[in-house]
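# Structural overview for review
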Amino acid sequence: MTITERIDNITRIPPEFRHAQPPAPKSVKIEISPRCNYRCGFCALRTREVQPKWDMDFRLFQRITREMREAGVEEIGVFYLGESFMNPRLLVDCIAWTKQELRFPYVFLTSNASMALARTRSSGSLSAPIRRLIPSTFPESSTILTAVARTR
Ligand code: SF4
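No experiment lies behind these values; they were computed from the predicted model shown.

Thresholds, definitions, all that
Residues numbered from 1 in each chain as written. Predicted model: local features only at pLDDT ≥ 70, side-chain atom pairs only at ≥ 80, totals over all residues. Axes fitted to C-alpha atoms, helices over the stretch in contact; angles between N-to-C directions. Helix = DSSP H or I, 4+ residues; strand = E, 2+ residues; numbered from the N terminus. Parallel < 35°, antiparallel > 145°, perpendicular 65-115°, else oblique. Left-handed = near helix turned anticlockwise from the far one by under 90°. Contact = placed C-beta atoms within 7 Å. Pairing = 2+ DSSP bridges. Right-handed = clockwise from strand over helix to strand, strands pointing away. Near = placed C-beta within 6 Å. Nonpolar A, V, L, I, M, F, W, Y, C, P; charged D, E, K, R; others polar. Buried ≥ 20, exposed ≤ 12 C-beta atoms within 10 Å, placed from the backbone. Core = buried A, V, L, I, M, F, W, Y, C linked by C-beta atoms within 7 Å. Expected span 1.5 Å × (residues − 1). Arc of directions from axis to C-beta.

Moving on: the packing of helix α2 (residues 58-71) against helix α3 (residues 88-101). To describe two helices that pack against each other, one gives the angle between their axes and the distance between the axes. Closest axis-to-axis distance for the α2/α3 pair is 11 Å, and the angle between their directions is 25°. Judged by the angle between their axes, α2 and α3 are roughly parallel. Between α2 and α3 lies a crossing of right-handed hand. Residue-level contacts link Phe-58, Phe-61, Gln-62 and Thr-65 of α2 to Leu-90, Asp-93, Cys-94, Trp-97 and Thr-98 of α3.

Moving on: the pairing of strand β3 (residues 106-111). Where strand β2 (residues 75-77) meets β3, three bridges bridge the pair, whose relative direction is parallel. Within the sheet, the bridge partner assigned to Glu-75 lies in β3 and is Tyr-106. With α3 bridging β2 and its parallel neighbour β3, the resulting β-α-β unit is right-handed.

Residues apart from glycine generally show negative phi values, whereas peptide bonds are mostly found in trans. Of note in this structure, Arg-103 is not a glycine but carries a positive phi near 60°. Looking at the element boundaries, Arg-103 is found in the loop between α3 and β3.

Here the focus is the site of the ligand. Around the ligand sit eleven residues, and of these Cys-36, Tyr-38, Cys-40, Cys-43 and Asn-112 come closest. By residue class, the composition of the shell around the ligand is seven nonpolar, two polar and two charged.

For the rest of this paragraph, the subject is the environment of Phe-17. As for its placement among the helices and strands, Phe-17 is situated in the loop between α1 (3-11) and β1 (27-29). Residue Phe-17 is classed as exposed on the basis of its 12 C-beta neighbours within 10 Å. Those residues in contact with Phe-17 that sit more than four places away from it in its chain are Pro-22 and Pro-23.

By size, the foremost hydrophobic cluster in this structure holds 17 residues, and its most contacted members are Ile-32, Val-78, Leu-91, Cys-94, Ile-95 and Val-107. The element that contributes the greatest number of residues to this core is α3, accounting for six residues. Leave out the neighbours within four places in its chain, and Cys-94 touches Ile-32, Phe-61 and Val-78.

On to α2. Taking 1.5 Å of rise per residue, the 14 residues of α2 would be expected to cover 20 Å, and the 20 Å separating its terminal C-alpha atoms lies within 8% of that figure. Regarding α2, the residues found buried are Phe-61, Thr-65 and Met-68. With its buried residues spanning 55° around the axis, α2 presents them on a single face. Relative to its buried face, α2 has exposed residues pointing more than 90 degrees away, namely Arg-59, Leu-60, Arg-63, Glu-67, Glu-70 and Ala-71. Tucked into the core, α2 has its buried residues touching β1, β2 and α3. Positive phi appears at Gly-72, one or two residues downstream of α2, with a value of about 115°.

Written out as structure tokens, the structure is:
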């Protein structure tokens, strides 16, 4: 498959979704924490007029993900903007819930990974079977990190 075909697969709206009452999407991302330890210059997080400070209520996450599963959603991303490792306890609980309780076939996470090791040590490991972790990282001490992610 060419790169153009891959992009088209993501950006095209398939015919079965072009209805007044489309089916549930196959894949959903949920922002469990709107907070982040970085301030990347390209990130839409910085453009929010009001920066949200509170993470998602776990009972709300449980309710909407159960409804999504029943509606036919197959993939859950436990992030959107924000860095989910800001709340490692919630992240571990959300992954365990979606994989072990609701049996979603595919759970994934994109993270800057800067806190992944230290924070999961303090709140239990990510032993729940996450299928894909996508670290988006810079070397910790690099000038690129300082300039792009505005860590200083
Ligand atoms: S690490 Fe990710 S969420 Fe945080 S500011 Fe950078 S791009 Fe945005």
